[in-house]
Amino acid sequence: MKSSIPGVVITQFVNDVPQGCSTPDFEKKPLTLTLQEGKNAIFKAVVKGVPAPEVKWSRTLKSMDDPAKYEMSFNSDTNEFILQIKSLVLDDSDLYRCCAVNAYGEASCSAGLRIVQGRTGSSGLHRPRELKKTLLDSKKLLRKRVAAPKPKPLDKEAVWQLLLHADKRDYEKICMKYGIVDFRGMLRKLQEMKKDAESEQDKLIHSLKNFEHIKVDKEGNATFSLEMELKNSNSNVYLLKDGQRLRYGTGDEYRKHCLRRVGRRYCFTVNDVQPEDAGVYQVRVEDVPVFSTELDAQAIPARFRQPLSDVRCAEAGHAEFQCVLCTPCHEPLWLHKSHPLQASDKHQISVTPDGLTHKLIVRNVGPSDSGLYTLDAGQGSSSAWLLVEINFFPFLCAWSVPRCYLNKQLATVRVLKGDPAELSCTVSKDNVTGVWFKDGLKLTSMDGVIFEKKGLVHKLIINKAEDIHAGKYRFEGGDVKTEASIFVEDPPRVDKVLLKTSVPTVAKAGEGVKLQIPFEGRWPIRAAWLKDRMELGDDTRIRVDKTDTCTTLSISSCNRRDSGDYKVRLKNDSGVLEINLKLLVIDKPQPPAGPIKIVESSANNITIQWKPPKDDGGKPVQRYIVERQQVGRNDWETLGETPRSCTSFTTSIVEEEMSYYFRVRAMNAEGVSDALESGEVKAAGKASPGAPDPPEIISASRDTITISWTAPCKTGASQIMGYIVQKRKKGTVTWLPVTNVPVKDKKLKVTGLKKGVQYEFRVAAVNAAGTGQPSDPSEPAFARDPTKSLGQVRDLKVSSSDSTSVTLTWNKPEVQDGNDVKGYEVEMKPCNSLSWTKCFTLPAQSNSCRVQGLQAGEKLFLRVRALSDSGPGEASELQACAGAAPVVSPRLLIDDTVKSFLVIKAGNPIRVKIPFEGSPEPVVTWLKDGLSLPSRAAVSTEGGSSQLLLRAAEFSDSGTYTVELGDGLGKRETFSFQVQITDVPQPPGAVRLEENVPNTVTVTWDPSASEQWDKNLYYTVLKRESQKGLWHVLGDLIYNNKFTFTRVVPGRDYYFRVVAKNDLGASDPSETVQPWRIWKKKAEFRVKAQKYRGVNHNQPPRFLVPLKSHVVVTGSECHMSCAVGGHPPPKITWYKDSRDLSRDPNYFCTNDFGVCSLVVLGVTRQDEGEYMVEASNEVGRAFMAKWVINHLSPSGRLLGPVTFQLPLPESLSDSS
């Protein structure tokens, strides 16, 4: 069995899985990780199967016995099995295997873990220069932490279409993402594809230009556009995502996918993008691709299932923030007032193993901890306020946080037209008055819309959704705002009677037929009529019409071929509806099936026999009309009629030695069919004998054949004197006499025959009146040495029957001495008759047949015997009765258990069981690539199912297998499936290293022997830089036998390894024995110092921008800055009340190219005082001082302003 997920191997323990059960499989497999030493690794997998499988984790090189190191868990919310490996070390690099097992099978897959050596951080983070860099680059730091999601597997053609329309600067990124390593080959193929695409587009498009690739705006909507002028304005424009066609809206209604056309510009929009919307989008005109662009998962904003909420906390207490994401993020960034937070005793940061729930605990909070806290998850963030309640400063609550926040946001709703819809959100204050907006316009009143408020919940209720209600809605109340959309779906609809009716529409041949289906739904609706899975189009007889409310199929002059099952498919942007109809065209029957057989021709009567018509015209045959014409005359006379159950007629009105023509017509309620005419029939004379029965073959040798016969029933007026025996080669028309005189015995050994030639014989009786009518030819026989005749066919039985037919099945007899079966002869006789008649003109070639033209309840005997080159075998006989079983058309019962694509490991059995139904039992035929199955294949059909079995699969068994059902009336149904035989690939050949380009190494290797049978084989190249180091992947998904490594460092030893891979796993590696090294050349150079006398540019320090006094509020931040000049650059020292602040961690001092800053975080009354900055170098010193005042009134207002001017000198020189 093959999994839908690449890289997953499924092993089935039993031959047949019971109904309702299944083998395990992966819906999501663990991904290969590359992490830094000291981090935690998390593998996640989602499995399915009935009964629920058990999941086990293991690794290749070591066991996983340490529970503190390896933590295995299950998340019931996401159905994910999780393996967490804590505190990674270099020894944890390995291949980890996940296995899911139940009673019916096992599914397994592997994921790699690569550990890179961590870099030792320095304590210099607190230095002023590095602090500022950290503050400015915090966003960049975050984006590096969020791992890029693995791209979805794409069809190769989709990747090439993406490259065809991509910017050349993006070629390298796309090639690396989808594993294209041959860059030059890619450019050549793009040139060829561009020429082919332009030739196809010229058939439909005048001009195509100004492509704009997909972009996501701040509101979460993705747009892309192009300018296009169509040659036919009615040409269909399709939008596809990852190869699947999307429905999009073109009017004013709001939908998930929309098209806005302005002039020649086509602008496509994907509203409210979600992670599942990531993929490759393609625009097609009819079947011609015109533009492809990719929506990257990294560009989709993160979604919060539960955002952060504001927190109130008393001073010295613990404040806790928590939020839940919709998509995992294992290393987000917490910010406080735009400053990044690190895990410490003050700030405790935690995240659940699934990466969804994030928590921050601020311990022992103080006034400086109040403010805005933010969780930044890369493409999205959530913020909330922390309010620190201080007993003597309660007024800070008024300006610290918003008054209201959201407990529950609006959620997007999809609703059918006419059904009720509801939008609701929950706020934190019950006194909030909300306002609703639709598409940016304020809603005061709207038909069918009710605004409701119950406590904290605000609702917008639509009793009956219509097209005007579709759009983007926004709720605003107090300090909160939330948005969501309503999509109104209106799929095609028809009267329920049309969906339930099974009564066919009846029409007479030659008349016109008009089938009309009225419908409703959102316009435009495309209507298509299908018959036998083929769409009908307008021609000379058939016409398909469509209006806005109905579709009509008109047939001007119908005939019997128009009968059958019809399907009407109605489709619009909201869905597809199919209606099944039946049409029955009735007509006069076809002529009876011929040829007319002369059962008896004598002087007294002539008996003729025929077969029922193949098509009764849709009405049962009532009777047959028999007419006769005498040779030489022009008029026909009616001899009589026979009922529908009788297909033979005897007339006694004949003249001796007279020749006649006979014709038969079938008649039903609609009329009389055309006639079936016979050849010339001559009535025998009274004196000449009749025709004997055909001779039988007694024995044969290389040059003789012995035949025997019986005397005719009509001997004439005199005694039979002998017999004339004639022979002919099979396939010729000339009869040659065997003897010159009549043979008196009824047995003759014919000699002088040619070995290996097939002969036929006939006999005519001779009396005194002359030679009578010759017998029918005997069965053909070969002139060769006798072989053992065939035995009876085995297991002859009646598989099914109805009112007019019986179906027989049997197994071939045992074959010996190479005497193969050439066919089967089926004969029948009524219970009251002694003569057997052949049911078919030609021998049956299969092991079943259907005997038709019987009467209901008629009892008869049937016998079957096998035919071979040595003659007929022994007959097997049974009694049967035509019953009244219902006729069921053959139909294959294909469900989810029957796979259309099978991957089988070489040596394992191929067992495919196809259920079907049909009465009488249909004929089942198996084919491989349109031909008969190989002799090793065994097919068994019984109990309404047919099974194909090959006990040991070989590579030659790969191909397309087809099972075909037939009922003998021309109705057939087929089902095809692909079988691919594969195996774990064999290792590649010898690995060779060459330096074709300086400072590079080209790795070449002989192809694996498995390339001959595995089309999906690819190679992976690895390298390491020492004999005991770890192997690192250089290139994957390589489909040729060459790879060039460019980042070669001279002087290092490199070892290379090549592995062949396919869906079942990887081969053993082929490695280089000797290391590869590029010798590092040492360059010699000399430096001659020049004598230079410089100019003294030294200057004493001076203040370019003075320091200012500050008045601040308790708990806020104070920023002081000034600008200093001088050469050499002066050293800056800050003082508070003459105390050096250089080593005080509560103050941040920076000096960037002469701009000096001092930051005081969370100002308190202790921070009030005189601040002085000193600038000094080897030439002199300069001072500047100002005051910081922290002063509040009882009402919280400043008693100021207060300023001070300090009489300090600006600069002091050492020379002074």
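For clarity, every value in this text was computed on a predicted model and none was experimentally measured. Sequence order sets the numbering: in each chain, residues are counted from 1 along the sequence as written. Only residues with pLDDT of 70 or above have their local features reported here, since the model is predicted, and side-chain atom pairs are shown and tallied only from 80 upward, although totals for entire chains, interfaces and linings are computed over all residues. Note that water and hydrogens are dropped before the side-chain values are worked out from all heavy atoms of the structure.

> Would you mind going over the overall build of the protein with me for this structure?
The helix and strand tally for the protein stands at seven helices and 95 strands. We take the radius of gyration over the C-alpha atoms and set the globule estimate at 2.2 Å times the residue count to the 0.38 power. The globule rule puts the C-alpha radius of gyration for 1216 residues at 33 Å, and the 47 Å found for the protein is more than 25% above it. With the principal axes as the frame, the protein shows a C-alpha extent of 170 × 85 × 60 Å. When checking whether two residues touch, look at their non-hydrogen atoms; a contact exists if any pair is within 4.5 Å. Residue pairs in contact within the protein that sit at least 24 positions apart in sequence constitute 62% of those at least 6 positions apart. Using the Shrake-Rupley algorithm and a 1.4 Å probe, accessible areas are obtained, with residue cover drawn only from the displayed protein chains. A total accessible area of about 67800 Å² is found for the protein, and carbon and sulfur atoms account for 49% of it. His is not counted, nor are the chain ends, whereas Lys and Arg count as positive and Asp and Glu as negative. Charged side chains are reduced to one point each, which is NZ for Lys, CZ for Arg, CG for Asp and CD for Glu. Here the protein contributes 165 positively and 147 negatively charged side chains, and the mean placements of these two sets differ by 3 Å. Only DSSP runs of H or I covering at least 4 residues are called helices, and only runs of E covering at least 2 are called strands; the numbering of each starts at the N terminus.

> When you look at helix α5 (residues 183-201) in this model, what are you seeing that I'm missing?
Side chains three or four residues apart in an α-helix point the same way, a direct result of the helix having 3.6 residues per turn. Expected helix span is computed as 1.5 Å times (number of residues minus one). For α5, which comprises 19 residues, the first-to-last C-alpha distance of 26 Å matches the rise-based estimate of 27 Å (1.5 Å per residue) to within 8%. Taken together, the buried positions of α5 are Gly185, Met186, Leu190, Met193, Ala197 and Gln201. Down the axis of α5, the buried set is contained in an arc of 130 degrees. They therefore lie on one face. For α5, the exposed residues set more than 90 degrees away from the buried face come down to Arg184, Arg188, Glu192 and Lys195. Each residue is assigned to one of three classes by its accessible area relative to the maximum for its type, calculated with a 1.4 Å probe on protein chains only: buried under 20%, partly exposed between the two thresholds, exposed over 50%. In this context, the arc is that of the directions from the helix axis out to the C-beta atoms.

> Is there a simple way to think about the sheet that holds strand β44 (residues 593-601) in this case?
Whether parallel or antiparallel, the strands of a sheet pair through hydrogen bonds between backbone atoms. An order of β44-β45-β48 is seen for the three strands of this open sheet, with the pairing classed as antiparallel. The open sheet has two edge strands, β44 and β48 (648-651), and neither has a second partner. Adjacent strand axes in the sheet meet at a mean angle of 20 degrees when their direction is disregarded. By definition, two strands form a pair when at least two bridges between them are found by DSSP. Structural elements are reduced to axes, namely lines fitted to C-alpha atoms, with helices fitted over the stretch in contact, and the angle between N-to-C directions of any two is expressed from 0 to 180 degrees.

> I'm lost on the packing of aromatic side chains in this one. Help?
Two numbers describe a pair of aromatic rings. These are the distance of the centres and the angle of the planes. Aromatic rings from Phe, Tyr and Trp, taking only the six-membered ring of Trp, are treated as a pair when their centres fall within 6.5 Å; an angle between ring planes under 30 degrees marks them as stacked, one over 60 as edge-to-face, and anything in between as tilted. Under the counting rule described, the total for this entry stands at 22 aromatic pairs. Each ring, one from Trp709 and one from Tyr723, has its centre 5.6 Å from the other, and the planes form 70 degrees; the classification is edge-to-face. Of the two residues, Trp709 is situated in the loop between β54 (705-708) and β55 (722-729) and Tyr723 in strand β55; the sequence distance between them amounts to 14 residues. Residue Trp709 is classed as buried on the basis of its relative accessible area, which comes to 6%. Measuring from ring centre to ring centre gives 6.1 Å for Tyr1018 and Tyr1039, while their planes differ by 50 degrees; the resulting arrangement is tilted. Placement of the pair is Tyr1018 in strand β80 (residues 1018-1024) and Tyr1039 in the loop between β81 (1032-1038) and β82 (1042-1045), with a sequence separation of 21 residues. According to the relative accessible area criterion, Tyr1018 is buried, its value standing at 17%. An aromatic cluster is defined as three or more aromatic residues linked by ring pairs; in this entry it consists of Phe211, Phe224, Tyr248, Phe268, Tyr281 and Phe291. Two limits define a charge over a ring: the Lys NZ or Arg CZ must be within 6 Å of the ring centre, and within 35 degrees of the ring normal. Cation over ring: Arg474 sits above Phe437, and NZ or CZ is 4.3 Å from the ring centre. The ring of Phe861 has Lys829 sitting right over it, with the charged end atom 5.8 Å from the ring centre.

> Would you explain the sheet that holds strand β79 (residues 1001-1005) in this entry?
Strand order in the open sheet formed by three strands is β78-β79-β82, and the pairing between neighbours is antiparallel. Of all strands in the sheet, those bounded by a partner on one side alone are β78 (991-994) and β82. With direction set aside, neighbouring strand axes in the sheet form an average angle of 20 degrees. Relative to β79, β78 runs antiparallel, the two being bridged by four bridges. When the sheet's bridge partners are listed, Arg992 is paired in β79 with Thr1004.

> What is the right way to look at the environment of Gly679 in this model?
In this fold, Gly679 is placed in the loop between β51 (676-677) and β52 (681-682). Separated by 19 residues in the primary sequence, Gly679 and Tyr660 have C-alpha atoms spaced 8.4 Å apart. Not counting residues up to four positions away in its chain, the partners in contact with Gly679 are Tyr660 and Tyr661.

> Would you mind going over the pairing of strand β40 (residues 542-546) with me for this structure?
Strand residues, when the strand is regular, have side chains that alternate between the two faces of the sheet. Both β40 and strand β41 (residues 550-555) contribute to a ladder of five bridges, which runs antiparallel. When the sheet's bridge partners are listed, Ile542 is paired in β41 with Ile555. Counted along the chain from β40 to the antiparallel partner β41, the turn is three residues long.

> Is there a simple way to explain unusual backbone geometry in this structure?
With the exception of glycine, the majority of residues adopt a negative phi angle, and the majority of peptide bonds are in the trans configuration. Looking along the chain, the bond that leaves Gly594 and enters Pro595 is cis, with omega of 0 degrees. Counting through the fold element by element, Pro595 comes out in strand β44. For the bond running from His1127 to Pro1128, omega is -5 degrees, close enough to zero to count as cis. Tracing the backbone shows Pro1128 in the loop between β88 (1118-1127) and β89 (1131-1136). Within the chain, Glu286 stands out as a residue other than glycine whose phi angle is a positive 55 degrees. Secondary-structure assignment places Glu286 in the loop between β16 (279-285) and β17 (288-295). For Glu286, a relative accessible area of 28% gives the class partly exposed.

> What is the right way to read the pattern of salt bridges from this model?
Any two side chains of opposite charge can pair, given that their charged atoms come close. Salt bridge, as used here, is a side-chain nitrogen of Lys or Arg placed within 4 Å of a carboxyl oxygen of Asp or Glu. Considering all chains together, one arrives at 54 salt bridges under this definition. For Glu452, the salt bridge goes to Lys454, with nearest N and O atoms at 3.8 Å. Linking Asp1006 and Arg992 is a salt bridge whose minimum nitrogen-to-oxygen distance equals 3.2 Å. Here Asp1006, found in the loop between β79 and β80, pairs with Arg992, found in strand β78; they are 14 residues apart in sequence, far enough to count as distant. With relative accessibility at 31%, the residue Asp1006 sits in the partly exposed group. Assessed through its relative accessible area of 36%, Arg992 is described here as partly exposed. One continuous salt-bridge network, built from bridges that share partners, spans Lys417, Asp467, Asp490, Arg493, Glu520 and Arg522.

> What is the right way to read the environment of Leu443 from this model?
Turning to its location among the elements, Leu443 is positioned in the loop between β31 (441-442) and β32 (449-454). With a relative accessible area of 15%, Leu443 lands in the buried category. Counting along the chain gives 30 residues from Leu443 to Tyr473, while the straight-line C-alpha distance between them is 9.6 Å. In contact with Leu443, other than residues within four places in its own chain, are Trp436, Phe437, Lys438, Phe451, Leu460 and Tyr473.

> Explain helix α4 (residues 171-178) here, please?
Those residues of α4 that sit buried are Tyr171, Ile174, Cys175 and Tyr178. Buried residues of α4 fall within an arc of 100 degrees about the axis and therefore sit on the same side. More than 90 degrees from the buried face of α4, the exposed residues found are Glu172, Lys173 and Met176. Looking one or two residues beyond α4, the residue adopting positive phi is Gly179, at roughly 75 degrees.

> Help me out: how do you make sense of the packing of α4 against α5 in this one?
For any two helices packed against each other, one specifies the crossing angle of their axes together with the interaxial distance. Between α4 and α5, the shortest axis-to-axis distance is 12 Å and the interhelical angle comes to 110 degrees. By the angle between their axes, α4 is roughly perpendicular relative to α5. Considering only the axes of α4 and α5, their crossing is right-handed. Contacts from Tyr171, Glu172 and Cys175 in α4 reach Phe183, Met186, Leu187 and Leu190 in α5. Grouping the constituent residues of the contact of α4 with α5 by class yields six nonpolar, no polar and one charged. Small angles under 35 degrees read as roughly parallel and large ones over 145 as roughly antiparallel, with 65 to 115 read as roughly perpendicular and the rest as oblique. Crossing handedness: left-handed means the near helix sits turned counterclockwise from the far one by under a right angle, and right-handed means the same turn made clockwise. Charged residues are taken to be Asp, Glu, Lys and Arg, nonpolar residues to be Ala, Val, Leu, Ile, Met, Phe, Trp, Tyr, Cys and Pro, and polar residues to be all remaining types, Gly included.

> How should I be thinking about the side chain of Ser805 in this particular structure?
Mapped onto the elements of the fold, Ser805 is located in the loop between β61 (794-801) and β62 (806-811). With residues up to four places along the chain from it excluded, the contact list for Ser805 reads Arg850, Val851, Gln852 and Leu854.

> Any chance you could explain the confidence of the model for the protein here in plain terms?
Per-chain confidence: the protein averages 83 in pLDDT, with 90% of residues scoring 70 or above. By mean pLDDT, strand β95 (residues 1212-1213) is the weakest element of the protein at 38, and strand β46 (residues 623-630) is the strongest at 93. Long-range and interchain partners of residues 119-128, a stretch whose pLDDT sits below 50, account for seven contacts in this model, where long-range means more than four residues apart. Scored from 0 to 100, pLDDT reflects the predictor's confidence in each residue.

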